[in-house]
Amino acid sequence: DVKVTQSSRYLVKRTGEKVFLECVQDMDHENMFWYRQDPGLGLRLIYFSYDVKMKEKGDIPEGYSVSREKKERFSLILESASTNQTSMYLCATAGEGAGNQPQHFGDGTRLSIL
Amino acid sequence: KQEVTQIPAALSVPEGENLVLNCSFTDSAIYNLQWFRQDPGKGLTSLLLIQSSQREQTSGRLNASLDKSSGRSTLYIAASQPGDSATYLCAAPRYSSASKIIFGSGTRLSIRP
């Protein structure tokens, strides 16, 4: 079974802080994704990585950056956290040929920015 | 531009009933369609992925069908159980980038004992 591990289930930070969310997968998948999920807005793609050091912007990249230095780890960075970034953050992975592979999700990080 | 819609937003049925969840999409040139389950406060669990060349996929009591010409997919749950209570989401890839998928807003299913 694919295991996708997000470093924290719950996180509370203050506005202006730099926040790191970590995601680790154990299946050697090329593709990794960061989403946020908000009531009424559904799941929205923030960033996507298809290989080490490679990334693509999703629908809502503003205020976020990502890092993928190793294949198994994909980090989401909030450069200067703001209250409108309070949300549930979900990491996902997919194998090569992601267009025809199921995405596998972690349990999510519920982030609150005060 | 791909849009994915799920109606109804919520559904409540008594235990033991067979039920159908609906998903519609606007771009019929899709590579596949996925169904997921999400329990409250948790991530998504992949249930079924139907390739564009297939018409249906089955896993246990779940059966998903795909009709590209009408832009519809259904998830059939047989002999529903209280443990099936969850939100069910469908997702289809974007035409511009098959790796990026668009999610429906989900159907919140409640199975009454």
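Before reading further, recall that the structure is shown in the block above.
Just so it is clear, the structure is predicted and the values come from calculations on it, not from any experiment.

## What to know about the overall build of chain B
- Each helix and strand counted, chain B has 0 helices and 11 strands in total.
- Seen in sequence order, chain B has helices and strands lined up from the N terminus as β-β-β-β-β-β-β-β-β-β-β.
- Relative to the compact-globule value of 13 Å for 113 residues, chain B shows a C-alpha radius of gyration of 13 Å, a close match.
- Counting all 113 residues of chain B, 46% fall into the buried class.
- A separation threshold of at least 6 residues defines the contact pool for chain B, and within that pool the share at least 24 residues apart is 54%.
- Working note: accessible area of chain B is about 5300 Å², and carbon and sulfur atoms make up 47% of it.
- Within chain B, one finds 11 positive and 8 negative side-chain charges whose respective centroids are separated by 6 Å.

## Regarding the pattern of salt bridges
All names here are of chain A.
- Within the structure shown, the criterion is met by 10 salt bridges over all chains.
- Ionic pairing is found between glutamate 30 and lysine 71, a salt bridge with its closest N-O pair at 3.4 Å. Residue glutamate 30 is found in the loop between strand S3 (19-25) and strand S4 (31-38), and its partner lysine 71 is found in the loop between strand S7 (64-70) and strand S8 (73-78); the two are separated by 41 residues along the sequence.
- With relative accessibility at 24%, the residue lysine 71 sits in the partly exposed group.
- Members of the salt-bridge network, linked through shared partners, are Asp28, Glu30 and Lys71.

## Let's talk about the interface of chain B and chain A
- Between chain B and chain A, the contact holds 20 residues from the first and 21 residues from the second.
- At the boundary of chain B with chain A, total buried surface from both sides reaches about 1700 Å², with 50% on carbon and sulfur atoms.
- Counting across the chain B and chain A interface gives 1 salt bridge.
- Salt-bridge contacts for Lys100(B) lead to Glu56(A); the nearest nitrogen and oxygen are separated by 2.9 Å.
- Counting across the chain B and chain A interface gives 7 residue pairs in polar contact (both at pLDDT 80 or more).
- Those elements that place two or more of their residues in the side of chain B that touches chain A are strand S4 (32-38), strand S5 (44-51), strand S9 (86-93) and strand S10 (101-103) of chain B.
- A per-class count over the side of chain B that touches chain A returns 9 nonpolar, 8 polar and 3 charged.

Conventions and cut-offs
- Residues numbered from 1 in each chain as written.
- Chains lettered and ligands numbered in written order.
- Predicted model: local features only at pLDDT ≥ 70, side-chain atom pairs only at ≥ 80, totals over all residues.
- Heavy atoms only, no water.
- Helix = DSSP H or I, 4+ residues; strand = E, 2+ residues; numbered from the N terminus.
- Rg over C-alpha atoms; globule rule 2.2 N^0.38 Å.
- Buried < 20%, exposed > 50% of the residue type's maximum accessible area, 1.4 Å probe, protein only.
- Contact = heavy atoms within 4.5 Å.
- Areas by Shrake-Rupley, 256 points an atom, 1.4 Å probe, with all protein chains shown as cover.
- Lys, Arg positive; Asp, Glu negative; His and termini not counted.
- Charge placed at Lys NZ, Arg CZ, Asp CG, Glu CD.
- Salt bridge = Lys/Arg side-chain N within 4 Å of Asp/Glu carboxyl O.
- Buried area = accessible area lost by both parts, 1.4 Å probe.
- Polar contact = N/O pair within 3.5 Å; in protein donor to acceptor, adjacent residues only side chain to side chain.
- Nonpolar A, V, L, I, M, F, W, Y, C, P; charged D, E, K, R; others polar.

Keep in mind these values describe shape, not function.
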